[in-house]
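Residue strings, one per chain:
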Amino acid sequence: MPLTTGISQLTFRQDYFGDPAAFAGLVALLHETFGIDVSLQDRFGGPDPTSMPFAYFDESGICVANLSAFSMPMMVDGRLVKAAGFQSGAVRPQWRGQGLYRDLMRRAFSWCDAQGFELGLLLTDKPALYQPYGFEILPQHQFSGLAPAAARPIGASRSLSLDNAGDLALVKRLLCERTPVSSIFAVAAQAEMFLLNGCFDPSIRLSYLDQPESVVAWKSGEADCFRLLDVVGKTIPPLSVILAALDQRPSRVEVCLPPDRLDWQGMPEPFPSHTSLMVRGDAADRLRQPVMLSPMAEF
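Report on the accompanying structure.

Scoring rules and cut-offs
- Numbers given to residues run from 1 along each chain, matching the order in which its sequence is written.
- Confidence filtering applies because this is a predicted model: local features only for residues at pLDDT of at least 70, side-chain atom pairs given and counted only at 80 or more, and all residues used for totals across whole chains, interfaces and linings.
- Hydrogens and waters are ignored; side-chain quantities use all the structure's heavy atoms.
- Burial status follows relative accessibility: with a 1.4 Å probe on protein chains alone, a residue under 20% of its type maximum counts as buried, one over 50% as exposed, and anything between as partly exposed.
- Secondary structure elements are taken from DSSP: a helix is a run of H or I of four residues or more, a strand is a run of E of two residues or more, and numbering for both begins at the N terminus.
- Note: two strands are recorded as paired if DSSP finds a minimum of 2 bridges between them.
- We define a salt bridge as a contact between a side-chain nitrogen of Lys or Arg and a carboxyl oxygen of Asp or Glu at a distance within 4 Å.
- In this description, a line fitted to the C-alpha atoms serves as the axis of each element, helices being fitted only across the stretch in contact, and the angle between N-to-C directions of two axes falls anywhere from 0 to 180 degrees.
- By definition in these notes, contact holds between two residues if any of their heavy atoms fall within 4.5 Å.
- For each structure, a 1 Å grid was placed over the protein atoms alone; sets of points admitting a 1.4 Å probe that cannot get out are labelled cavities, open sets with protein on both sides within 12 Å along at least five of seven lines are labelled pockets, and lining residues have an atom within 4 Å of a point.
- Grid points are joined across faces, edges and corners, and a volume is the space filled by probe spheres set on the points.
- Nonpolar residues are Ala, Val, Leu, Ile, Met, Phe, Trp, Tyr, Cys and Pro. Charged residues are Asp, Glu, Lys and Arg, and all others, Gly as well, are polar.

## What about the pairing of strand S3 (residues 63-71)?
Here is step 1 of the chain: Among the nine residues of S3, eight are classified as buried, and the element is accordingly described as predominantly covered.
Here is step 2 of the chain: Remark: five residues form the turn of the hairpin made by strand S2 (residues 52-57) and S3, two consecutive strands paired antiparallel; glycine 61 in that turn has positive phi of roughly 90 degrees.
Here is step 3 of the chain: Here S3 pairs with strand S6 (residues 83-91) via six bridges, running antiparallel. In the sheet register, serine 68 faces S6, and the bridge partner there is glutamine 87.

Below, the structure is given as structure tokens:
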């Protein structure tokens, strides 16, 4: 769809996060559209430095439409893949239907292709919007089953709070040093989404294990169920060690990521969600097994 003449007063901007006023415009757009406050990133050191935003602003500096790409290296089928995520896609209601978002998609996807990204990922409740650009739905599966046999605790654990400066520094360090939690499908390097999701969802619990040193993101599920969301560390502890360190004795476990490095096997089950994970690029052909993107990496 070509851009309509009614938007001639708008200004296109790319890579504008260095302008505080323009970034504030994006913060306002996302808060009014989705009810989220991405200004929380200021607590973590500012916006993701790998982000490349594409946006339109009106004459008063209001951000009326945006789509951002960012680097999210992934482990896919045992190989490190140069991947990009797409997020912060929004258009103000009065500017919809005029071709703005399609123009931003073309710009963002073309930029990523020129940068040599092998995989693109996004989450959406409107998958048909992205299919003309080569995206396909990747079904997500959580892994469920009986809890592993109890293990003897080998170290101490404690709760973490991202409001505590020391805890935040510890989590950021381990995120920088992390080994992908799965060799099948997992984030290899991306800190900002983990930190934001840890703040957005108050039901997520973060715990520090000192042996092996790691951060576990988890929830207490219903009916005596433990939900594992992510594990961050140089060494990935077995699930039995995680449960013992956290003093959890569930009868059932749900793991929201491929469990190949947890010394535990679960049954893959379709994961119900109002959003679809979509992928494009050459590396998407390597995704042949049941997978799930950790909720801590959602964007």
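## Examining the environment of glycine 120
Here is step 1 of the chain: With respect to the helices and strands, the residue glycine 120 is situated in strand S7 (residues 119-124).
Here is step 2 of the chain: Assessed through its relative accessible area of 4%, glycine 120 is described here as buried.
Here is step 3 of the chain: Along the backbone, glycine 120 and methionine 52 are 68 residues apart, and their C-alpha atoms lie at a distance of 14 Å.

## Considerations on the pattern of salt bridges
Close approach of charged atoms allows side chains with opposite charge to pair.
Here is step 1 of the chain: Taken as a whole, this structure holds 18 salt bridges when the rule is applied.
Here is step 2 of the chain: A salt bridge links aspartate 113 to arginine 280; its shortest N-O distance comes to 3.2 Å. Of this pair, aspartate 113 sits in helix H2 (residues 100-115) while arginine 280 sits in strand S17 (residues 276-280), placing them 167 residues apart in sequence.
Here is step 3 of the chain: One salt bridge connects arginine 252 with glutamate 269, and the closest N-O pair in it is separated by 3.4 Å. Of the two residues, arginine 252 is situated in strand S15 (residues 252-255) and glutamate 269 in strand S16 (residues 267-270); the sequence distance between them amounts to 17 residues.
Here is step 4 of the chain: Under the relative-accessibility criterion, arginine 252 is labelled partly exposed at 30%.
Here is step 5 of the chain: For glutamate 269, a relative accessible area of 26% puts it in the partly exposed group.
Here is step 6 of the chain: What emerges from the salt-bridge pattern is a single network uniting Arg227, Arg252, Glu254 and Glu269.

## Thoughts on the pairing of S17
Here is step 1 of the chain: The buried count for S17 comes to five of five residues, which makes it a mostly enclosed element.
Here is step 2 of the chain: Neither face of S17 is exposed, since Ser276, Met278 and Arg280 on one face and Leu277 and Val279 on the opposite face are all buried.
Here is step 3 of the chain: The pairing of S7 with S17 spans five bridges and is antiparallel. What sits directly across from leucine 122, in S17, is methionine 278.
Here is step 4 of the chain: Sheet topology note: the strand S8 (residues 136-137)/S17 ladder contains two bridges and is antiparallel. The residue bridging glutamate 136 from the neighbouring strand is valine 279, located in S17.

## With respect to the sheet that holds strand S12 (residues 205-210)
Here is step 1 of the chain: Strands sit in the order S10-S12-S13-S14-S15-S9-S16 across an open sheet of seven strands; the sheet is mixed. In this open sheet, the two edge strands, each paired with only one partner strand, are strand S10 (157-159) and S16. Direction aside, the axes of adjacent strands within the sheet are offset by 30 degrees on average.
Here is step 2 of the chain: The pairing of strand S9 (residues 141-146) with S16 spans four bridges and is antiparallel. From the neighbouring strand, phenylalanine 143 faces S16, where its bridge partner is proline 268.
Here is step 3 of the chain: Taken strand by strand, helix H3 (residues 165-177) contacts S10, S12, strand S13 (213-221) and strand S14 (225-233), and its axis lies near 105 degrees from that of S13.

## Examining the layout of surface pockets
Here is step 1 of the chain: Of the pockets and cavities examined, the largest pocket occupies roughly 1,300 Å³.
Here is step 2 of the chain: Going through the elements one at a time, helix H1 (20-34), S3, S6, H2, S7 and helix H4 (192-200) are the ones with two or more residues in the lining of the largest pocket.
Here is step 3 of the chain: Broken down by element, the residue count for the lining of the largest pocket peaks at six residues, all from S6.
Here is step 4 of the chain: Split by residue class, the lining of the largest pocket holds 24 nonpolar, 15 polar and six charged.
Here is step 5 of the chain: Volume-wise, the second largest pocket comes out at about 250 Å³.
Here is step 6 of the chain: Lining the second largest pocket, in full, are Asn197, Phe200, Asp201, Ile204, Lys219, Arg227, Leu229, Phe271, Pro295 and Glu298.

## Remarks on empty space enclosed by the protein
Here is step 1 of the chain: One pass over the structure, following the stated rule, counts two cavities of 30 Å³ or more.
Here is step 2 of the chain: Within this model, the largest cavity holds a volume of roughly 80 Å³.
Here is step 3 of the chain: Lining of the largest cavity is provided by Arg178, Val181, Phe185, Ala186, Val187, Asp230, Leu257, Met292, Leu293, Ser294 and Ala297.
Here is step 4 of the chain: Considering every element that reaches the lining of the largest cavity, the biggest residue donor is strand S11 (residues 185-187), with three residues.
Here is step 5 of the chain: Counted by class, the lining of the largest cavity contains eight nonpolar, one polar and two charged residues.
Here is step 6 of the chain: Along the walls of the second largest cavity sit Met72, Arg178, Val187, Gln190, Met193, Phe194, Asp230, Met296 and Ala297, which together make up its complete lining.

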